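Geometric and topological summary
Listed below are the residues making up each chain.
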Amino acid sequence: MGGPRRLLLVSNSTLHGGGYLGHCQQHIKNFLGEKVKRVLFVPYALHDRDAYARTAREKFESLGYGLDSIHESCDPVEAVRKSEAIFIGGGNTFRLLKALYDNSLIQENRKRVLEDGIPYVGSSAGTNVATISINTTNDMPIVYPPSLQALGLVPFNINPHYLDPDVKSTHMGETREERIRQYHEEPNTPPVLGLREGAMLLVEGDKATLQGVTGARLFLRGKKPTEHEPGTDFSFLLIDSNLQNL
């Protein structure tokens, strides 16, 4: 899959000690550039969409961009068609994906990003839905989307907010690594990129680069996980002949 695809997939909206999108605001500004004047915000992952839109609007206006929230539009599909850039925020991934399906926005988002080349910014749940599926989200299934298949802007999975095992913890539940390993026990499961908080993946065409202040852990089915620092080239993860068949 070639073409003008441009994505900024952020692990988390807020980093400890900072404000909303504070740790990635310069990355967002560099990514959107000066050509983009207004951003279409998708607040579907949280219940209070009005309050969420106010928070996002305040941040993006501080960066020099106008922001329109899709939930305020009488025609969400048309809003996507007219958008200059899309930002899908975090919250509950199941709620978010169900709303995208309910509003017939899966194919329109794919077209605008993969064919028309408008910039896509995702944070947390917004990063989850940019991938091939939401199978590796951390969220509870509080609602049921018609499918776990997501936007498929990249042909692999991401686990945002990736947590390393705490060797001092007495918690006996599965670690994040164990849960991802369970996922890979199923056949034909794609790679999973565990993005620690503070990390993000920049995708430009067929090039993917790890950015941010923390690293990532890559899980490939049948192989040992590997550690990666900011600056790592993950372009090889974008190679998937099955992506066009979504």
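Residues numbered from 1 in each chain as written. Predicted model: local features only at pLDDT ≥ 70, side-chain atom pairs only at ≥ 80, totals over all residues. Heavy atoms only, no water.

Cut-off, in case you're wondering: UniProt positions are given in the numbering used here, feature names are shortened, and annotations may be inferred rather than shown by experiment.
Looking up the chain in an unreviewed UniProt entry gives the name dipeptidase E, with the organism given as Patagioenas fasciata monilis. A UniProt comment under Function (unreviewed entry) is attached to the chain, and it reads "Hydrolyzes dipeptides containing N-terminal aspartate residues." Listed in UniProt under the heading Catalytic activity (unreviewed entry), the comment for the chain reads: "Dipeptidase E catalyzes the hydrolysis of dipeptides Asp-|-Xaa. It does not act on peptides with N-terminal Glu, Asn or Gln, nor does it cleave isoaspartyl peptides."

1. Things to note about the sheet that holds strand S7 (residues 192-195)
Selection rule: Note: two strands are recorded as paired if DSSP finds a minimum of 2 bridges between them. Here a helix means four or more residues in a row that DSSP labels H or I, a strand means two or more in a row labelled E, and each is numbered from the N terminus. To get an axis, fit a line to the C-alpha atoms, keeping to the stretch in contact for a helix; angles then go from 0 to 180 degrees between the N-to-C directions. Note on contacts: a residue pair is in contact if any heavy atoms of the two residues lie within 4.5 Å.
In space, the four strands of this open sheet follow the order S6-S7-S10-S11, with mixed pairing throughout. The open sheet is flanked by strand S6 (157-159) and strand S11 (226-228), the only strands paired with a single partner. Here the strands of the sheet are splayed against their neighbours by 25° on average, with no regard to which way each runs. Examined bridge by bridge, S7 and strand S10 (residues 216-219) share four bridges and lie antiparallel to one another. Each bridged residue has a counterpart across the sheet, and for Leu-195 the counterpart in S10 is Ala-216. Contacting S6, S7 and S10, helix H7 (residues 176-184) runs over the sheet at an angle of about 25° to S10.

2. Observations regarding unusual backbone geometry
For clarity, the cut-off: The buried label goes to any residue with under 20% of its type's maximum accessible area, the exposed label to any with over 50%, and the partly exposed label to all in between, with areas taken from a 1.4 Å probe on protein chains only.
One non-glycine residue, Leu-21, lies in the positive phi region at around 60°. Its place among the elements puts Leu-21 in the loop between strand S1 (6-10) and helix H1 (25-32). Positive phi, normally seen in glycine, also occurs at Ser-104, with a value near 55°. Tracing the backbone shows Ser-104 in the loop between helix H4 (93-102) and helix H5 (106-115). With relative accessibility at 52%, the residue Ser-104 sits in the exposed group.

3. Quick look at the environment of Val-80
Inspection of the secondary structure puts Val-80 in helix H3 (residues 76-82). For Val-80 and Leu-105, which are 25 residues apart along the polypeptide, the C-alpha to C-alpha distance reads 7.9 Å. For Val-80, the contacting residues outside a window of four places in its chain are Leu-40, Ile-70, Ile-86, Leu-105, Glu-108, Asn-109 and Arg-112.

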